[in-house]
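Residue-level structural notes
The primary structure of each chain is shown beneath.
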Amino acid sequence: QVQTAASGGGLVQAGASLNLSCTASGRTFSWYATAWFRQAPGKEREFVSSISWAGTPAYRDSVKGRFTISRDNAKNMVYLQMNSLKPEDTAVYYCALNSRRFSTGTVNVNDYDIWGQGTQVTVSS
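So, a few notes on the structure that sits alongside this text. Everything numeric in this text was worked out from a predicted model, so none of it was measured.

Attention shifts here to the pattern of salt bridges. Close approach of charged atoms allows side chains with opposite charge to pair. Overall, the coordinates contain five salt bridges when judged by the stated rule. Note that aspartate 89 is salt-bridged to arginine 38, the shortest N-O span being 3.0 Å. Taken together, the positions of aspartate 89 in the loop between β8 (77-82) and β9 (91-98) and arginine 38 in strand β4 (residues 33-39) put the pair 51 residues apart, joining distant regions of the chain. Here aspartate 89 and arginine 38 have matching classes, each one buried. The class of aspartate 89 is buried, set by a relative accessible area of 1%. Through salt bridges that share partners, Arg38, Glu46, Arg60, Arg66 and Asp89 make up one connected network.

Take the sheet that holds strand β1 (residues 4-7) next. Reading across the sheet, the five strands line up as β7-β8-β3-β1-β10 and stay open at both edges, with mixed pairing between neighbours. Two strands lie at the open edges of the sheet, namely β7 (67-72) and β10 (116-117), each paired on one side alone. Relative to β8, β7 runs antiparallel, the two sharing six bridges. Considered in β8, the bridge of phenylalanine 67 is made with methionine 82.

How each quantity is defined
Residues numbered from 1 in each chain as written. Predicted model: local features only at pLDDT ≥ 70, side-chain atom pairs only at ≥ 80, totals over all residues. Heavy atoms only, no water. Salt bridge = Lys/Arg side-chain N within 4 Å of Asp/Glu carboxyl O. Helix = DSSP H or I, 4+ residues; strand = E, 2+ residues; numbered from the N terminus. Buried < 20%, exposed > 50% of the residue type's maximum accessible area, 1.4 Å probe, protein only. Pairing = 2+ DSSP bridges.

Spelled out as structure tokens, the structure:
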């Protein structure tokens with residue numbers, strides 16, 4: 001079964017940086033849209049960032065200018081560089097893939113059908 005796997009989370013202080021990584025077995029990221037979502041306790045899963053098959057990025061407003069999504073086609077990895085972290089960024093972060101080839105990045109969680117384990121990000125004030 002194809003799944004994604006996110007890693008790179010941790011416990012940091014406000015203002016610090018983390019770089020999350022995502023792998024996917026059996027899929028080549030460059031053909032598909034990939035997104036990062038996050039879910040804080042008691043809250044719904046929310047869109048953070050996406051990158052289309054063509055490499056076009058998108059971000060939720062609250063992370064614009066602080067987070068950067070990127071993809072390394074040679075390594076088949078997707079990254080989320082998170083700078084200037086805030087306590088409100090605390091959540092489990094998931095990466096998800098839209099298994100339709102040449103898919104564009106969207107904010108809708110239901111557009112992504114391949115998920116896997118998330119990684120916990122905790123930002124202390």
